[in-house]
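# Observations on chain architecture
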Amino acid sequence: MNFEKLKEKVDSVKVVEELIMLSSKVFEKSSDDVIKVIEMFITKSYLLGKKNMTKTIED
């Protein structure tokens, strides 16, 4: 699995729903790969939530 390419896709995601669709393609991989992917998704989800929360407060 090319994690750099996957990281680029994850970093380009703007909404959590896109992460869910991307994850459906990835979770068929081996357990080591799944662990790395889950860590990336959790991190990106957290950052998206933090960014959206800041935007809501500013509005």
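What you see is a predicted model; the values in this text were computed from it and never measured.

## Things to note about the environment of L22
Here L22 is to be found in helix α2 (residues 16-26). In this structure L22 comes out as buried when scored by relative accessible area, which is 14%. Residues L22 and K9 lie 13 residues apart in sequence; the distance between their C-alpha atoms is 8.4 Å. The contacts of L22, once residues within four sequence positions are left out, are L6, K9, V10 and F41.

## Quick notes on the environment of V16
One can find V16 in helix α2. For V16, a relative accessible area of 39% translates into the label partly exposed. Between the C-alpha atom of V16 and that of K44, which follows or precedes it by 28 residues, the distance is 8.7 Å.

## Some words on the side chain of K44
Within the fold, K44 resides in helix α3 (residues 31-58). Of the polar contacts made by the side chain of K44, one reaches the backbone oxygen of D11; its length is 3.2 Å. Other than its neighbours up to four places away in sequence, K44 contacts V10, D11, V13 and L19.

## A short note on the confidence of the model for the protein
Across the protein, pLDDT averages 79, with 86% of residues at or above 70. At the low end of the mean pLDDT range in the protein sits α2, at 77; at the high end sits helix α1 (residues 3-12), at 89.

## Quick look at α2
Each α-helix winds once per 3.6 residues, and so residues spaced three or four apart point in a common direction. When α2 is considered as a whole, its buried residues turn out to be L19, L22, S23 and V26. The arc that holds the buried residues of α2, viewed along the axis, is 105°, so those residues lie on one side. Exposed and facing more than 90 degrees away from the buried side of α2 are E17, I20, M21 and K25.

## Looking at the nonpolar core
Listed in full, the 10 residues of the largest apolar core are L6, V10, V13, L19, L22, V26, V37, M40, F41 and L48. Elements represented by at least two residues in this core include exactly α1, α2 and α3. Sort the elements by how many residues they give to this core and α3 lands first, with 4 residues. In this structure, L48 is in contact with V13, K14, V15, V16 and L19, ignoring residues within four places of it in sequence.

What counts and what doesn't
Residues numbered from 1 in each chain as written. Predicted model: local features only at pLDDT ≥ 70, side-chain atom pairs only at ≥ 80, totals over all residues. Heavy atoms only, no water. Helix = DSSP H or I, 4+ residues; strand = E, 2+ residues; numbered from the N terminus. Buried < 20%, exposed > 50% of the residue type's maximum accessible area, 1.4 Å probe, protein only. Contact = heavy atoms within 4.5 Å. Polar contact = N/O pair within 3.5 Å; in protein donor to acceptor, adjacent residues only side chain to side chain. pLDDT = per-residue confidence, 0-100. Arc of directions from axis to C-beta. Core = buried A, V, L, I, M, F, W, Y, C linked by side-chain atoms within 4.5 Å.

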